[in-house]
Protein chains: 2
Amino acid sequence: MKPETKPEIAKIDGDTPALRLLSLLEIIAEKDQFFTLHGLVEETGLPKPTLHRMLQQLETAGMLQRDGDNRHYGTGVRLRRLAENLLLNNTVQGARHAVLGQLVKEVGESCNITALSGNEVLYLDRVETQAPLRFYLHPGSQVPVHCSASGKLFLAQMKPAQRRRLLAHVPLERFTHNTLTDLGLLEEEIERVGSTGYAFDDEEFLPGLVCIAVLVPAAKGRSNLGLAVQGPTMRLSREKALSFLPALREAAQSIAAIDAEATPDGSAYA
Amino acid sequence: MKPETKPEIAKIDGDTPALRLLSLLEIIAEKDQFFTLHGLVEETGLPKPTLHRMLQQLETAGMLQRDGDNRHYGTGVRLRRLAENLLLNNTVQGARHAVLGQLVKEVGESCNITALSGNEVLYLDRVETQAPLRFYLHPGSQVPVHCSASGKLFLAQMKPAQRRRLLAHVPLERFTHNTLTDLGLLEEEIERVGSTGYAFDDEEFLPGLVCIAVLVPAAKGRSNLGLAVQGPTMRLSREKALSFLPALREAAQSIAAIDAEATPDGSAYA
DNA sequence: ACGTTTTATTCCATTTTTTGGAACTGATGC
DNA sequence: GCATCAGTTCCAAAAAATGGAATAAAACGT
């Protein structure tokens, strides 16, 4: 008797067809690989025609895209744009923004919340310092993963295979004298970042700009939110930046708490 | 008679309730503020009870969240997490996109990844050149097989019977002076393409647009992914296009490697 | 080249869900 | 208190989802 490909943990739930479709999207969103109709059938336990109809619906709408062989599906442009807009425009969500504002007051430097989008780091929200000398980087802009503090944090928590795939094809473009353009050195740095739980950007992207970042802890699984303080070298030394760590961690915790508290008690969404 | 406030540009579309719900999410995703039922009614023109039900549904599922006063809605944790996961895990598209971007840098012209979808060639992804003069063709659009470089490559690798079946049902529509509308001539061209391993589109679809394409090699069987460089005749001669072949082939190889890694091999894909 | 398997797709009668005009409720304001 | 405005509930007709079974289309093996 063979291993009996058992697990088949059904996960699709929802009281209405539309919610079941969203539930399916959640399963899809967790994949970092292409998927097939057959695979989903095994994974969810749903009848094949039902799943087929759902996928077909999503494909016609441009939410999914069939890849090459007509068998493997991946996310479509429309779905990705939806996701980006959702994250991007969520900023006036007040609570997070308020925490950011508070942090800026405490440390006296510009702070921002970041997320990984594709192979770049996306600025979700940002509060500028009051100091006259400052870098202006607006929410919505993107920076490469390999030369930003948040980016290195995101890389550090990925599964090795996932990280390798991303790094293998993203050219480690040089922006400044300090940019890590060597894969080996970058891996070393990422490991350091992973073990210490914070990351520096020591003028690796823009000359004169230093940055220290931590992850916003997630209730479970990986986090896709980073929190960072940025400032000009002129004002912000490495030591001073390090001294902000406690405040940074506390703020990250607050943001995590906001998200956690906003979750209907215990059973998450049900 | 007063100005009659009539911005009311309905935007919700979709052939099925579930897609209409996604369409609603898109509208919501574009907001950077909380929103109300009434506001959405005015914005979309949908009946109040209908929208109410939709919002209620999304709220119960944890996708939306009401803001204290029970009147204003904002995005819920579950929806945000969905968006985060979508972006976080699209490393495949990210990696492919990076390869495309790199190729564009090398050759200085717009490049795209294509797939055969039904009887037409589908643009999966595209990166535009920086040059000011350019054709704008977005991902998701489709072009006929008989007058596109990628299309001819797809045809060339088909079994003759398969190709005949496809061509029998696709009228060889004329788009430009150079379009191959004669089946015999097209067969000749396809044979040439098959033996050389690359294909030209010499203003056969759009006047002034030339294109050279290769196939992304597949691990097994036929490939259904094409990689192409496109440019205006003004800048891109046939000779120059030919000189891009090595870069094109190398990029195709990279994409093949990415896909190989991201394709659930045989069975499980978790 | 041909039969075998695997996987995708279509069919369709039944069940479930959506739809939206109208009526109702509750809050706010004057 | 009455007017106003927004949110909510009702419900019968119309539309859509469901999934077992049948079919079609590739991929595979010989």
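First, a word on scope: everything that follows refers to the structure included in this document. The shown structure was predicted, so the numbers you read here are calculated from the model rather than taken from an experiment.

The next point concerns the sheet that holds strand E6 (residues 142-144) of chain A. Residue and element names in this part refer to chain A. Pairing is antiparallel across the open sheet formed by six strands, whose spatial order is E6-E5-E4-E9-E8-E7. Unpaired on one side and paired on the other, E6 and strand E7 (198-202) mark the two borders of the sheet. With strand direction ignored, the average angle separating the axes of adjacent strands in the sheet is 30 degrees. Judged from the five bridges that link them, E7 and strand E8 (residues 209-215) form a sheet pairing that is antiparallel. Each bridged residue has a counterpart across the sheet, and for Asp202 the counterpart in E8 is Val210.

As a structural note, the neighbourhood of DNA strand C is formed by 17 residues, with Thr16, His38 and Pro49 of chain A together with Pro47 and Pro49 of chain B the closest of them. Only helix H1 (17-29), helix H2 (37-44) and helix H3 (48-60) of chain A together with helix H1 (17-29) and helix H3 (48-60) of chain B provide two or more residues apiece to the surface near DNA strand C. Each residue belonging to the surface near DNA strand C can be placed in one class, and the counts come to eight nonpolar, five polar and four charged.

Right, let's talk about the protein's contact with DNA strand D for a bit. Residues in close proximity to DNA strand D total 21 residues, the closest being Pro17, Pro47 and Pro49 of chain A together with His38 and Pro49 of chain B. Grouping the constituent residues of the surface near DNA strand D by class yields eight nonpolar, seven polar and six charged.

For the rest of this paragraph, the subject is the environment of Arg192 of chain B. Turning to its location among the elements, Arg192 of chain B is positioned in helix H8 (residues 183-196). According to the C-beta neighbour criterion, Arg192 of chain B is partly exposed, with 14 such atoms within 10 Å.

The subject of this paragraph is the interface of chain B and chain A. With 57 residues of chain B at the interface, the matching set in chain A holds 62 residues. Put simply, the parts of the chain that give the side of chain B that touches chain A at least two residues each are H1, strand E3 (72-75), helix H4 (77-88), helix H5 (91-107), strand E4 (110-117) and helix H10 (245-262) of chain B. It is H4 of chain B that contributes the most residues to the side of chain B that touches chain A, eleven residues altogether. Its residues assigned to classes, the side of chain B that touches chain A shows 28 nonpolar, 21 polar and eight charged.

With that settled, the discussion passes to the nonpolar core. Among the nonpolar cores identified, the biggest contains 144 residues, and Ile212, Ala213 and Leu227 of chain A together with Ile212, Ala213 and Leu227 of chain B are the most heavily contacted of them. Dropping the residues within four chain positions of it, Leu227 of chain B is found in contact with Ile113, Ala213, Val214, Val216, Leu248, Ala251, Ala252 and Ile255 of chain B.

Glancing now at the environment of Leu88 of chain B. Here Leu88 of chain B shows up in helix H4. Judged by the 25 C-beta atoms lying within 10 Å of it, Leu88 of chain B falls in the buried class. In contact with Leu88 of chain B, not counting residues within four places along its chain, are Leu116 and Asn224 of chain A.

As a further point, take the sheet that holds strand E2 (residues 64-66) of chain B. All names here are of chain B. Ordered in space as E1-E3-E2, the three strands form an open sheet in which the pairing is antiparallel. Edge strands, defined here as strands with exactly one partner in the open sheet, are strand E1 (35-36) and E2. Where E2 and E3 come together, three bridges link them in antiparallel fashion. Bridge pairing in E3 places Arg66 opposite Tyr73. Strands E2 and E3 of the sheet are contacted by H3, whose axis makes an angle of about 100 degrees with E2.

Reading guide: rules and limits
Residues numbered from 1 in each chain as written. Chains lettered and ligands numbered in written order. Predicted model: local features only at pLDDT ≥ 70, side-chain atom pairs only at ≥ 80, totals over all residues. Pairing = 2+ DSSP bridges. Helix = DSSP H or I, 4+ residues; strand = E, 2+ residues; numbered from the N terminus. Axes fitted to C-alpha atoms, helices over the stretch in contact; angles between N-to-C directions. Near = placed C-beta within 6 Å. Nonpolar A, V, L, I, M, F, W, Y, C, P; charged D, E, K, R; others polar. Buried ≥ 20, exposed ≤ 12 C-beta atoms within 10 Å, placed from the backbone. Contact = placed C-beta atoms within 7 Å. Core = buried A, V, L, I, M, F, W, Y, C linked by C-beta atoms within 7 Å.

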